Amino acid sequence: IVFSGNGPSGICLSYLLSGYTPYFKRESLHPHPILQRKLEEAPEVSILDQDLDYLSEGLEGRSDSPVALLFDALQRPDTDFGGTAESVLAWWHEPSRAIPHLVLGRNAPGGAWHSIEGSMVTLSRGEWMGLPDLPFKEWLKQKRRGLRNNRATAEDIAQYYQHYVTKKGLQKNFRCGTVVTSVRKVSAESSASHAREDLQESAGSLWNSSGQSTEVFQVDGFFKTAEGDKEPFSIYAENVVLATGTYDSPTWLGVKGENLSYVHHQLSALEKAVKNNSIGIMSDPVLIVGAGLTAADAILFAHHCNIPVIHVFRRRVSDPGLIFNQLPKMMYPEYHKVHQMMKEQTAACAGPYECYISLPEHHVLSFGKDKKCIIQDKNGCQKAYKISMALVLTGSNPNLSFLPNNGIDLAMDNGQPVNPKRNPIDVDPFSYECTQEKGLYALGPLAGDNFVRFVQGGALAAASSLLKKANKNPP
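Residues numbered from 1 in each chain as written. Predicted model: local features only at pLDDT ≥ 70, side-chain atom pairs only at ≥ 80, totals over all residues. Heavy atoms only, no water.

Looking up the protein in an unreviewed UniProt entry gives the name Oxidative stress-induced growth inhibitor 1, with the organism given as Mionectes macconnelli. Under the Sequence similarities (unreviewed entry) heading, UniProt states for the protein: "Belongs to the OKL38 family." The UniProt entry for the protein carries the following text under Subcellular location (unreviewed entry): "Midbody". (UniProt positions renumbered as here; feature names shortened; annotations may be inferred.)

Undergrad: Explain the overall build of the protein to me, using residue names and the numbers behind them.
TA: In terms of regular secondary structure, the protein is built from 12 helices and 22 strands. When the 475 residues of the protein are sorted by exposure, 53% land in the buried category. Across the protein, every contact between residues at least 6 apart in sequence was considered, and the portion connecting residues at least 24 apart equals 68%. With an accessible surface of roughly 22,100 Å², the protein has 50% of that area assigned to carbon and sulfur atoms. (Helix = DSSP H or I, 4+ residues; strand = E, 2+ residues; numbered from the N terminus. Buried < 20%, exposed > 50% of the residue type's maximum accessible area, 1.4 Å probe, protein only. Contact = heavy atoms within 4.5 Å. Areas by Shrake-Rupley, 256 points an atom, 1.4 Å probe, with all protein chains shown as cover.)

Undergrad: Break down the nonpolar core for me, citing the residues and quoting the values.
TA: Side chains of a nonpolar character, in soluble globular proteins, are inclined to be buried together. Ranked by size, the top nonpolar core spans 82 residues in total, and within it Leu13, Val219, Leu242 and Ile425 carry the most contacts. A total of 9 residues in this core trace back to one element, the largest contributor, which is helix H12 (residues 452-469). Non-local contacts of isoleucine 425, meaning those with residues more than four positions away in its chain, are made with Leu242, Leu400, Leu410, Ala411, Val418, Cys434, Ala442, Leu446 and Ala447. Ranked by size, the runner-up nonpolar core spans 31 residues in total, among them Ala269, Ile279, Phe313 and Leu391. (Core = buried A, V, L, I, M, F, W, Y, C linked by side-chain atoms within 4.5 Å.)

Undergrad: Outline the environment of tryptophan 91, listing residues and values.
TA: Position of tryptophan 91 among the secondary structure elements: in strand S3 (residues 89-93). Put simply, tryptophan 91 and proline 132 are 41 residues apart on the chain and 8.7 Å apart in space, counted from C-alpha to C-alpha. Once residues lying within four places of it in the same chain are set aside, the contact partners of tryptophan 91 are Tyr15, Leu16, Tyr20, Thr21, Pro22, Phe71, Pro132 and Asp133.

Undergrad: So what's going on with the packing of helix H4 (residues 66-75) against H12? Which residues, and what values?
TA: How two helices pack is summed up by the angle between their axes together with the distance between the axes. The contact between H4 and H12 brings their axes to 7 Å, and the two run at 110°. Comparing their axes, H12 and H4 come out roughly perpendicular. Residues Val67, Ala68, Leu69, Phe71, Asp72 and Gln75 of H4 form the contact with H12, whose own contacting residues are Arg453, Phe454, Gln456, Gly457, Leu460 and Ala461. (Axes fitted to C-alpha atoms, helices over the stretch in contact; angles between N-to-C directions. Parallel < 35°, antiparallel > 145°, perpendicular 65-115°, else oblique.)

Undergrad: Explain the sheet that holds strand S10 (residues 230-237) to me, using residue names and the numbers behind them.
TA: Read from one edge of the open sheet, 3 strands run S8-S9-S10, paired in antiparallel fashion. Each of the sheet's edge strands pairs with one partner strand only, and the pair in question is strand S8 (178-187) and S10. Averaged over all pairs of adjacent strands, the angle between their axes in this sheet comes to 20°, without regard to strand direction. Both S8 and strand S9 (residues 215-224) contribute to a ladder of 9 bridges, which runs antiparallel. When the sheet's bridge partners are listed, valine 179 is paired in S9 with phenylalanine 222. (Pairing = 2+ DSSP bridges.)

Undergrad: I'd like a description of the sheet that holds strand S20 (residues 389-392), backed by residues and values.
TA: Taken together, the 5 strands give an open sheet; going across it, the order is S13-S20-S14-S15-S16, and neighbouring strands pair in parallel fashion. Each edge of the open sheet carries a strand with a single partner, namely strand S13 (263-264) and strand S16 (356-360). When strand S15 (residues 309-313) meets S16, the two strands line up parallel, connected through 5 bridges. If you follow valine 312 over to S16, its bridge partner there is leucine 359. Lying on the sheet, helix H11 (residues 333-344) is in contact with S15 and S16; it crosses S16 at an angle near 75°.

Undergrad: Quick one: what's the story with the confidence of the model for the protein, residue by residue and with numbers?
TA: Here the protein averages 86 in pLDDT, while 85% of its residues score no lower than 70. When the criterion is pLDDT under 50, residues 195-211 qualifies, and its contacts beyond four places in sequence or with other chains add up to 35 contacts. (pLDDT = per-residue confidence, 0-100.)

Undergrad: So what's going on with the side chain of asparagine 419? Which residues, and what values?
TA: Structurally, asparagine 419 is set in the loop between strand S21 (396-397) and strand S22 (440-442). Take asparagine 419: its relative accessible area is 10%, and that puts it in the buried class. Within polar-contact distance, the side chain of asparagine 419 engages the side chain of asparagine 397 at 3.2 Å. Reaching out from asparagine 419, the side chain makes a polar contact with the backbone nitrogen of lysine 421 at a distance of 2.9 Å. (Polar contact = N/O pair within 3.5 Å; in protein donor to acceptor, adjacent residues only side chain to side chain.)

Undergrad: Describe the pairing of S15, listing the residues and the values that go with them.
TA: Every other side chain in a regular strand lies on the same face of the sheet, so the side chains alternate between the two faces. Within S15, 5 of the 5 residues are buried, which leaves it mostly tucked inside the rest of the structure. The alternating pattern of S15 places Val309, His311 and Phe313 and Ile310 and Val312 on opposite faces, both of which are buried. Pairing geometry for strand S14 (residues 286-289) and S15, over 4 bridges, is parallel. Directly across from valine 286, in S15, lies its bridge partner valine 309. Where the polypeptide runs from S14 across helix H10 (residues 293-304) and back to S15, its parallel neighbour, the crossover connection is right-handed. (Right-handed = clockwise from strand over helix to strand, strands pointing away.)

Undergrad: Pulling in residues and values, what's your account of the packing of aromatic side chains?
TA: Per the counting criterion, the structure on display carries 8 aromatic pairs. Aromatic pair tyrosine 15 and tyrosine 20: ring centres 4.3 Å apart, planes at 15°, arrangement stacked. Exposure class is identical for tyrosine 15 and tyrosine 20. Each is buried. Arranged with centres 6.3 Å apart and planes meeting at 80°, the rings of tyrosine 262 and phenylalanine 367 form a pair that is edge-to-face. Taken as a pair, tyrosine 262 in the loop between strand S12 (249-250) and S13 and phenylalanine 367 in strand S17 (residues 362-367) lie far apart in primary sequence, 105 residues in all. Each member of the pair, tyrosine 262 as well as phenylalanine 367, carries the same accessibility label: buried. Ring-pair connections join several aromatic residues into one group, and the members of that group are Tyr15, Tyr20, Phe71, Trp91, Phe136, Tyr160, Tyr161 and Tyr164. (Phe/Tyr/Trp six-rings, centres within 6.5 Å; stacked < 30°, edge-to-face > 60°.)

Undergrad: Which residues make up unusual backbone geometry, and what values go with them?
TA: One non-glycine residue, aspartate 133, adopts positive backbone phi at about 60°. One can find aspartate 133 in the loop between strand S5 (121-125) and helix H5 (136-142). Positive phi outside glycine occurs at asparagine 405, with the angle close to 55°. In this fold, asparagine 405 is placed in the loop between S21 and S22. The class for asparagine 405 is partly exposed, based on a relative accessible area of 44%.

This is the structure in structure tokens:
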């Protein structure tokens, strides 16, 4: 089995395929009485070997995935009600159930968490960022640190994921510094004639020589050496797991001049510009486009550095779809502050915040070489603004260029590109296997699970399915 992506989804699945097996902890009491009754029916049978459809039936929560809700309910029984009930799972290491697998990723274990500005605070509560059988809070305590407002920094999360892989002995399955360039189906006969690559040797043979399967996946890519060279590899596997997340390709507006050097699509560009003093208090304003949390983080950063901001977004400030209108004020005071600025500081009426102008229901028409940006309102009125730099922060899309047709054929609507919120990959809800391509699995945002808390259910479903295929499930 080969995974493409070594973020939380990939780490969790590696844990479950390394022989770590969850059972219902006898004598534990789950606050959901129907689930408790079902768990008591067969406590000697691992959760991985039970009927996940039956166990998850009737569960409700903040995810559309029944298995995500089930695994979350087992690990954090009453967390949505502010409770701190312990997990009802007992974890046993059963090495005979381990399945050889490789986890390929560009970064260190933790995936995109290593690319996010380290001081950024997570949207989710800290304890929701944890992986099975190693609570995040406990790890933080060992560092003699506490959670700010119950939330953690991106740097903490990235370090925790690396620590988790080491602590659970999963390193042998991980190959960092690898880039996958192609995944495609080939006939088993043609691939059998190819030499095995060094990359897979230490993880055990991924090749099933029984000849049961007539087609396998060929995974091509390159490995970046310490000297900076690229060493190509080819691996053959009967099953491939897509867990690449969505941080790869920032969304572009598709307007004239967007490729000019002062227009950026990542928050890190603003941090870099401040660091090297190329923008400051006396600069022309920074244009920030977007009304999500990354745009809010950019506004907070600029505000902290006293850098003037023009903030452009398409929605109304009162739009219920706006993320700020869905967040509790007490838990997210800094985002509430940005929302207040968006409301009170429009170009039409000056408010109490200096160095910030909000332009709701506006959009960018073009960027000029002279750093002038043309912005249009909902009535078609246009205005030019002189800016120092532009940050287009309107979300990101997965980069699936390594799949035939960019993975579009795998999506729910196979006429549109894969999008984690609007058009995820179509998977079976209880195995996370792609409905259009057997042997291919999709986890995390690619399958529509956008929070670390809920990606783990997909790993549980995939592990259960893969163990059945490998006959590692007891009868």
